[in-house]
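Overview (structure and organization)
Chain by chain, the residues:
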Amino acid sequence: MSLSSTVTVTVPATTANIGPGFDCLGAALTVYNQFQFAQLRTNTEQQVDITVEGLEADRVNRDESNLAYQAFVKLYEHLGQTPPPVEINIQLGVPLARGLGSSATAIVGGLVGANAFAGSPLSAAEVMQLAIAMEGHPDNVVPALIGGCRLAATTSEGKWEICEIPWHSNIVPVVAIPNFELSTAEARRVLPSDYSRADAIFNTAHLGLLVRALETGNGKWLRAALQDRIHQPYRQTLIPGYTAVQDTAIAAGAYGLVISGAGPTLLALTSSQEAANVEAAIANTWIEQGVTPLVKALKIDSTGATTKEA
């Protein structure tokens, strides 16, 4: 790669957990962040120059603490190389701290950008291992990197095995993004440290049913499968109006409503025929609860992170 080259990485938002799939299941959505990397031409000691545009751009760090840059550096460290001085332009389309994988897009964007900048020495599987290590769990970074709906589990040797979960074309993800934030750290603090055998069995059964429901589009299975006892009963107390929005969404035709990732974004799964009704019902109900949401029907992104070099 010549010094004049640029690398542009486009990374989809993600929704993680999808009810009972806590920390192991996630899907890529058709909302995107874009990261452009170019050789920094300067005579100073500056290592990075970051510009940010789009949603909440003023809240993104523009120094070496920027997560995309940290990921960029991480890959070079993994290679045993010194990272080159770099310009990074970030175009934000994924809301921050809302449970749509914004941090995962930065990690994936930085790693994929660095790998391309370095001449692509690492395979996609090796980049994925670095992404999971940086994020701490696979549910967001895996679909952000390779797209689709993905289930991640470890082998007996501790390596990650990634399984694609087919997503039926008539199951529409409707996201409801509120005008308040919920940090992942706060959402994890409310979780218990231990669970009963009954709760473990409950989630195992419902995750199995969810996998089959997503593949077949069986609405009856999906209504049952979205139940969870590991994280949602605890986190829903942090989201004003959760119960009212859930009840209204189901009454409007949704198969169910869950917390997207750590929240506070909510995810309704519905048929294409009912999607418009579910959108309107969620928006109206949350507004009645004093929350201003952005509600939109999306699709599953099947591609994941894409790279363009120029």
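Look up: the structure comes first, before these words.
Now for a quick tour of the structure. Everything quoted here is computed from the prediction, not taken from an experiment.

Concerning the nonpolar core
One finds F37, Y69, F72, I88, V108 and L111 to be the most contacted residues of the largest nonpolar core, which totals 42 residues. Those elements giving two or more residues to this core turn out to be β1 (6–16), β2 (25–39), β3 (48–54), α1 (67–79), β4 (86–92), α2 (102–117), α3 (124–135) and α4 (138–146). Here this core gets nine residues from one element, more than from any other, and that element is α2. Not counting chain neighbours up to four residues away, the residues in contact with F72 comprise F37, P83, P84, V86, G110, L111, G113, A114 and F117. If you look at the next biggest cluster of nonpolar residues, it comprises 27 residues, including C24, L100, L269 and L298.

Re the pattern of salt bridges
Inspection of the entire model under this criterion finds seven salt bridges. For R188, the salt bridge goes to D23, with nearest N and O atoms at 2.8 Å. In this pair, R188 sits in helix α5 (residues 184–189) while D23 sits in the loop between β1 and β2, placing the two residues 165 residues apart along the sequence. Under the relative-accessibility criterion, R188 is labelled partly exposed at 31%. Between R98 and E181 there is a salt bridge, with its nearest N and O atoms 3.6 Å apart. Taken as a pair, R98 in the loop between β4 and α2 and E181 in the loop between β7 (171–177) and α5 lie far apart in primary sequence, 83 residues in all. Taken together, the shared-partner salt bridges in this structure form one network comprising E56, R59, R98 and E181.

Structural notes on the sheet that holds strand β9 (residues 266–271)
The strands that make up a sheet are held in pairs by hydrogen bonds between backbone atoms, and each pair lies either parallel or antiparallel. Strands sit in the order β8-β9-β7-β10 across an open sheet of four strands; the sheet is antiparallel. One side of each edge strand has no neighbouring strand; the edge strands of this open sheet are β8 (256–259) and β10 (294–297). Neighbour-to-neighbour, the strand axes of this sheet turn through a mean angle of 20 degrees, independent of strand direction. Note that β7 and β9 share six bridges and pair antiparallel. Bridge assignment links V174 to a residue of β9, and that residue is A268. Strands β8 and β9 of the sheet are contacted by helix α9 (residues 242–251), whose axis makes an angle of about 150 degrees with β8. Those strands touched by helix α10 (residues 275–288) are β7, β8, β9 and β10, and its axis lies near 150 degrees from that of β9.

Some points on the state of the cysteines
Under the defined criterion, the tally for this structure stands at zero disulfides. C163 supplies the cysteine sulfur nearest to C149, a cysteine that is in no disulfide, at a spacing of 9.2 Å.

Examining the layout of surface pockets
In this structure, the largest pocket spans a volume of roughly 660 Å³. Along its surface, the largest pocket is lined by 37 residues, and L67, L96, A97, S102 and S103 are the ones closest to its centre. When contributions to the lining of the largest pocket are tallied by element, the ones reaching two or more residues are β2, α1, β4, α2, α4 and α5. Of all the elements, α2 adds the most residues to the lining of the largest pocket, at four residues. In terms of residue class, the lining of the largest pocket is made up of 14 nonpolar, 16 polar and seven charged. By volume, the second largest pocket is sized at about 200 Å³. In terms of lining residues, the second largest pocket is bounded by 14 residues, among which W167, I171, K299, I300 and S302 are the most central. Only β5 (149–154) and β7 provide two or more residues apiece to the lining of the second largest pocket. Among the elements that line the lining of the second largest pocket, the one with the most residues is β7, at three residues. Class assignment for the residues of the lining of the second largest pocket results in eight nonpolar, three polar and three charged.

What to know about the packing of α2 against α4
Here α2 crosses α4 at 50 degrees, and the two axes come no closer than 9 Å. The pairing of α2 with α4 is recorded here as oblique in orientation. Read as a crossing pair, α2 and α4 show a hand that is right-handed. Taken together, the residues of α4 that come into contact with α2 (itself represented by A104, V108 and V112) are N140, V141, A144 and L145.

The rules behind the values
- Residues numbered from 1 in each chain as written.
- Predicted model: local features only at pLDDT ≥ 70, side-chain atom pairs only at ≥ 80, totals over all residues.
- Heavy atoms only, no water.
- Core = buried A, V, L, I, M, F, W, Y, C linked by side-chain atoms within 4.5 Å.
- Buried < 20%, exposed > 50% of the residue type's maximum accessible area, 1.4 Å probe, protein only.
- Helix = DSSP H or I, 4+ residues; strand = E, 2+ residues; numbered from the N terminus.
- Contact = heavy atoms within 4.5 Å.
- Salt bridge = Lys/Arg side-chain N within 4 Å of Asp/Glu carboxyl O.
- Pairing = 2+ DSSP bridges.
- Axes fitted to C-alpha atoms, helices over the stretch in contact; angles between N-to-C directions.
- Disulfide = S-S within 2.5 Å.
- 1 Å grid on protein atoms, 1.4 Å probe; cavity = no way out; pocket = protein on both sides within 12 Å on 5 of 7 lines; lining within 4 Å.
- Points joined across faces, edges and corners; volume = space filled by probe spheres on them.
- Nonpolar A, V, L, I, M, F, W, Y, C, P; charged D, E, K, R; others polar.
- Parallel < 35°, antiparallel > 145°, perpendicular 65-115°, else oblique.
- Left-handed = near helix turned anticlockwise from the far one by under 90°.

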